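Architecture and fold: a report
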Amino acid sequence: MRAPEMGAGTRAAPWRCDPYSRALANGHGPLYLRRSDGWMLPLEVERWCGTTDAADESVLDRIEGDTLDAGCGPGRMVLTLTARGHRALGVDTNPVAVSRVVEAGGRAVHASVFDPLPEEGRWHTALLIDGNIGIGGTPSALLARMRDLVLPRGLLIVEAADRDVHERVTVQVTDGWGQQGAPFTWARLGLPALRSYAEGGGWRWEESWREGERRFAALRAPR
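Residue numbers here run from 1 along each chain, matching the order of that chain's written sequence. This being a predicted model, a pLDDT of at least 70 is required before a residue's local features are given, and a value of 80 or more before pairs of side-chain atoms are given or counted; all residues contribute to the totals for chains, interfaces and linings. Excluded from the side-chain calculations are hydrogens and water; all other atoms, namely the structure's heavy atoms, are used.

Some remarks on the sheet that holds strand β8 (residues 166–174)
The strand order β2-β1-β8-β9 describes an open sheet built from four strands, whose pairing is antiparallel. At either margin of the open sheet sits one strand with a lone partner, and together these are β2 (40–42) and β9 (184–189). Neighbour to neighbour, the strand axes of the sheet diverge by 40° on average, direction disregarded. Paired strands, in this sense, are two strands between which DSSP finds at least two bridges. Only DSSP runs of H or I reaching four residues or more are called helices, and only runs of E reaching two or more are called strands; each is numbered from the N terminus. Here strand β1 (residues 32–35) runs beside β8; their pairing, made up of four bridges, is antiparallel. What sits directly across from Tyr32, in β8, is Thr174. What makes two residues a contact is simply this: any of their non-hydrogen atoms within 4.5 Å. Fitting a line to C-alpha atoms yields each axis, with helices limited to the stretch in contact; the angle taken between N-to-C directions then spans 0 to 180 degrees. Running at roughly 105° to β9, helix α7 (residues 191–200) makes contact with β8 and β9 of the sheet.

Given below as structure tokens:
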């Protein structure tokens with residue numbers, strides 16, 4: 001399954017643009033988030049389309065019960081949880097990503113995390129992995145939305161940036177060769193900034209950890 005082809009330089013909606021859909025369909029990049037000043041953040045498509053690694057396993061070891069993966073991409077976390085007997089659901093705005101999850105035997109819905117979703121308020125655990133704290137560009141709004149999705153005292157595991165950053169930027173998905181999506185707002189948070197947003201939004205900070213170059217935090221929803 002592929003998004004419709006577009007000419008070079010054509011722009012499509014964020015995370016549904018042809019460079020991103022093509023990368024998911026092929027299982028590899030190159031793919032970047034590009035700022036207007038030319039700075040580009042490489043996106044790890046090969047890792048997303050692969051199997052879980054040691055850092056992912058450190059997250060999976062902390063899962064509690066039924067799990068919602070927001071911005072699941074091609075679904076390696078959903079698929080691993082399903083194989084282990086958990087109820088897991090992925091949510092993603094890209095139809096290629098959702099198709100990959102479903103074809104591999106997982107459950108996923110084509111939606112934004114801000115859309116009405118199945119079993120709202122009844123998930124034991126929710127995930128914001130692979131930089132997905134940036135969804136929507138407003139971390140406070142995203143964290144408030146995640147509180148709506150989990151049970152009281154539910155668990156949220158968030159992956160932070162690999163350095164102490166706190167930025168809200170306008171970016172585009174691009175393959176670096178002229179194909180790009182529409183500009184959109186994205187956020188990047190290191191652990192200190194994430195903690196500030198989380199505690200300001202009523203989440204309890206339970207722990208943070210590092211596995212290789214990746215950093216994570218576990219947050220607990222209020223009663």
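Still more ground to cover, so stick around.
With respect to the side chain of Asn94
Mapped onto the secondary structure, Asn94 falls in the loop between β4 (88–92) and α5 (95–103). Three exposure classes are used, based on accessible area relative to the maximum for each residue type with a 1.4 Å probe and protein chains only: buried under 20%, partly exposed in between, and exposed over 50%. A relative accessible area of 0% places Asn94 in the buried class. At 3.1 Å, the side chain of Asn94 and the backbone nitrogen of Ala97 are in polar contact. Here a polar contact is recorded for every N or O atom pair within 3.5 Å, except that within protein the pair must consist of a potential hydrogen donor and a potential acceptor, and residues adjacent in sequence are included only if both atoms are side-chain atoms.

Concerning the nonpolar core
Here, nonpolar core means buried Ala, Val, Leu, Ile, Met, Phe, Trp, Tyr and Cys residues that are tied together by side-chain atoms lying within 4.5 Å of each other. Grouped together as the largest cluster of nonpolar side chains are 48 residues, with contacts concentrated most on Leu128, Met146, Leu156, Leu194, Trp203 and Leu219. Discounting chain neighbours no more than four positions away, the residues touching Leu194 are Ile133, Val158, Ala160, Leu189, Trp205 and Ala217. Among the nonpolar cores identified, the runner-up in size contains 19 residues, and Ile63, Met77, Ala108 and Phe216 belong to it.

Points about helix α1 (residues 18–26)
Taken together, the buried positions of α1 are Asp18, Pro19, Tyr20, Ser21, Ala23 and Leu24. In this structure, the buried side of α1 is in contact with α2 (45–48), α5 and β8.

Examining the sheet that holds strand β11 (residues 214–220)
An order of β5-β4-β3-β6-β7-β11-β10 is seen for the seven strands of this open sheet, with the pairing classed as mixed. Where the open sheet ends on each side, the last strands, each with one partner, are β5 (108–110) and β10 (204–211). Strand-to-strand twist across the sheet, computed as the mean angle between neighbouring axes with direction ignored, equals 20°. Pairing of strand β3 (residues 67–70) with strand β6 (residues 123–128) involves three bridges; the strand directions are parallel. Residue pairing in the sheet places Asp69 in a bridge with Leu127 of β6. Here helix α6 (residues 139–149) sits on the sheet and contacts β3, β6, β7 (150–160) and β11; the angle it forms with β7, its principal contact strand, is near 140°. Packed on one face of the sheet, α7 meets β7, β10 and β11 and runs near 160° to β10.

Side note on the environment of Gly134
Note that Gly134 resides in the loop between β6 and α6. Here Gly134 falls in the buried class, since its relative accessible area comes to 0%. Put simply, Gly134 and Arg188 are 54 residues apart on the chain and 5.7 Å apart in space, counted from C-alpha to C-alpha. Once you skip the residues sitting within four places of it in the chain, Gly134 turns out to touch Thr185, Trp186 and Ala187.

Remember that the coordinates give geometry; whether it matters functionally is a separate question.
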